[in-house]
Amino acid sequence: KNHYISVSDPAQLPEEAKKLKELMLLGGVKSMIGIPIFFRNKFIGAVAFASFQKHQFWNENIVPMLKIFGQILANAIERTNKANELRESEWLYRT
């Protein structure tokens, strides 16, 4: 749950990350950082930021801020899902 992925230079990725390396190089990504998003201890997705201009060293100080951003997204997604479920339930009740 406390993991993240940070790549400052895709050319430096090991053989085990061959697919990621190929995708990054093909897409012109110079560096990226990805943070998993959890809601109620369930993995629901990830948020990633990439640099296309230069190789970026992602300082670990940014990780807590990105986790907060991810949690805000998770809460917004959950609120939207619940609102949609409520509207659907109300519609079914009225018909």
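Structure's up top.
The present account deals with the structure reproduced in this document. Counting starts from 1 at the beginning of each chain's written sequence and moves along it residue by residue. With the structure being a predicted model, the display of local features is reserved for residues of pLDDT at least 70 and the display and counting of side-chain atom pairs for 80 or more, all residues being used for whole-chain, interface and lining totals. Excluding hydrogens and water, the side-chain figures rest on all heavy atoms present in the structure.

Focus on the packing of aromatic side chains
Short version of the rule: Aromatic pairs are defined between Phe, Tyr and Trp rings, using the six-membered ring for Trp, whenever the two ring centres lie within 6.5 Å; interplanar angles under 30 degrees are classed as stacked, those over 60 as edge-to-face, and all others as tilted. Burial here depends on accessible area, computed with a 1.4 Å probe over protein chains only, as a share of the maximum for the residue type. Under 20% is buried, over 50% is exposed, and the range in between is partly exposed. Helix and strand definitions here come from DSSP, where helices need a minimum of 4 consecutive H or I residues and strands a minimum of 2 consecutive E residues; each element is numbered from the N-terminal end.
Tallied over the entire structure, the rule returns 2 aromatic pairs. Arranged with centres 5.8 Å apart and planes meeting at 65°, the rings of Phe-38 and Phe-43 form a pair that is edge-to-face. Judged by its relative accessible area of 17%, Phe-38 falls in the buried class. For Phe-43, a relative accessible area of 49% corresponds to the partly exposed category. For the ring pair Phe-49 and Phe-69, a centre distance of 5.9 Å and an interplane angle of 55° mean the geometry is tilted. Here Phe-49, found in strand β3 (residues 42-51), pairs with Phe-69, found in helix α2 (residues 62-94); they are 20 residues apart in sequence, far enough to count as distant. You can call Phe-49 partly exposed: its relative accessible area is 32%. Taking the relative accessible area as the measure of exposure, Phe-69 reaches 36% and is therefore partly exposed.

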